[in-house]
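Structure at a glance
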Amino acid sequence: MNGRMHFFHSFFSFLCRVFKKTSGSNQLTLLLGKRDYVDHVDKVDIVEGVVKIDPTDLGDRKVWVQLCCAFRYGRDDLDVIGLSFRKDIWIHHIQLYPDAGYKPTLTEMHDTLLKKAGEQSYPFTFEIPTNLPCSVTLQPGPDDKGKPCGVDFEVKTYMAKAAEDPDEKIDKKDTARLVIRKIQFAPDNTGSGQKAEICKSFMMSDKPVLLEATLDKDIYYHGEVIPVKVKVKNDTNKVVKKIKITIDQTTDVILYSADKYTKNVLTEEFNETVEANATFEKTLPITPLLANNKEKRGLALDGRLKEEDTNLASTTVLRPGMDKEVLGILVSYKVKVNLMVSGGGLLGGLTASDVTVDLPLTLMHPKPTDLQVRVDPSFSFPQKTHNETQQENWKNM
């Protein structure tokens with residue numbers, strides 16, 4: 001029974017993982033129970049945290065905690081002439097000490113964090129508005145330093161006379177901060193996929209090539225194989241030499257300028273031929289991955305936490321009535337199916353051409369089930385002192 005209790009104590013302690021940051025002065029410690037907060041469309045997970053405060057040497061300063069959503073479009077080390085390369089999209093402050101009457105409704109998460117923090121600990125809650133963007137990071141180049149550009153959320157606790165006074169200098173040693181992520185999951189019900197077709201005629205040929213491309217569903221998950229169904233009806237005297245499929249990511253940075261650019265995240269060629277006056281039908285699999293695009297500077301990624309890997313940015317989902325300017329960065333994807341057609345007849349290669357169709361693609365994260373638990377690979381089950389059958393039962397729990 002002691003082994004069983006030890007197991008459950010270890011397991012639930014693991015589930016209640018705490019993210020903690022202490023200021024350089026050791027007077028402030030910020031604690032959060034998680035760093036990913038889900039946008040459910042109609043609401044966003046609340047941010048529940050605790051600040052442990054040592055009031056010694058505070059003087060006339062107060063202790064504040066704030067949540068800020070900001071857009072960073074330049075590196076901190078470039079700020080040498082008084083220019084700001086960071087724009088606050090939304091910010092909210094709470095005074096924790098001395099007591100100013102703020103009393104949040106306590107949750108189980110607060111209770112857990114308060115027990116871990118000990119005495120002189122103060123709970124807080126932030127509600128993230130639904131109209132704010134999700135976290136997005138623009139992939140830095142190999143020589144870039146400092147925080148990457150993009151949209152990020154940061155919880156910060158600090159000591160200051162006022163919540164926000166541009167004339168008051170706040171020492172870094174009197175500040176503790178944690179970056180969090182606002183993420184969005186795909187909806188439960190996804191419709192049928194996109195379909196596109198084109199009928200193209202060529203010089204020296206009185207009949208066309210018909211290309212049809214189809215995706216079997218509306219939304220695909222990061223890392224999921226995307227089957228592209230390709231149909232070709234070649235009524236010409238030309239030969240389709242191969243089929244090329246590409247995926248392009250378009251990033252629209254709209255907060256500070258009309259900066260819109262497109263980067264290729266996948267290119268695959270399939271050695272499928274379609275002879276003259278022949279038909280072709282086949283499903284060709286593709287999988288866009290960040291692992292194949294690590295060197296592309298400016299590629300949009302889902303908001304990156306320090307020393308944690310991420311993935312290609314999720315497609316921006318616009319709700320009716322949303323202000324695009326507030327979102328900062330819009331991300332979209334497009335699949336291109338291209339037939340590389342050789343020249344035929346007397347002119348041969350001089351009449352070679354391509355046939356292309358485009359399909360919009362939505363990439364998102366799947367919604368996790370309540371039963372899914374992320375287990376740290378370093379976590380191990382406790383050793384039991386019972387017989388081998390009981391040991392096996394424990395392993396299979």
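Reading the values: the criteria
Residues numbered from 1 in each chain as written. Predicted model: local features only at pLDDT ≥ 70, side-chain atom pairs only at ≥ 80, totals over all residues. Heavy atoms only, no water. Pairing = 2+ DSSP bridges. Helix = DSSP H or I, 4+ residues; strand = E, 2+ residues; numbered from the N terminus. Axes fitted to C-alpha atoms, helices over the stretch in contact; angles between N-to-C directions. Core = buried A, V, L, I, M, F, W, Y, C linked by side-chain atoms within 4.5 Å. Buried < 20%, exposed > 50% of the residue type's maximum accessible area, 1.4 Å probe, protein only. Contact = heavy atoms within 4.5 Å.

This part covers the sheet that holds strand β16 (residues 259-270). Ordered in space as β13-β20-β19-β15-β16, the five strands form an open sheet in which the pairing is mixed. Only two strands of the sheet have a single partner each, and these edge strands are β13 (219-221) and β16. Direction aside, the axes of adjacent strands within the sheet are offset by 35° on average. By the bridge criterion, nine bridges tie strand β19 (residues 329-341) to strand β20 (residues 353-364) in an arrangement that is antiparallel. Across the sheet, the residue bridging to N338 is T356, located in β20.

Before going further, it helps to spend a moment on the sheet that holds strand β7 (residues 121-126). The antiparallel open sheet is built from four strands, whose spatial order is β1-β2-β4-β7. Every interior strand has two partners, whereas the edge strands, β1 (19-22) and β7, have only one. Pairs of neighbouring strands in the sheet enclose a mean axial angle of 20°, with direction left out of account. Inspection of the sheet shows strand β2 (residues 28-32) paired to strand β4 (residues 47-53) by five bridges, in the antiparallel sense. Each residue of the ladder has a partner; that of L28, found in β4, is I53.

Core analysis: the biggest nonpolar cluster contains 71 residues, and F124 and V337 have the highest contact counts within it. The element contributing the most residues to this core is β19, with seven residues. Among all residues touching V337, those that are not within four sequence positions of it are L211, A213, V228, V230, I243, K244, I245, V355, T356 and V357.

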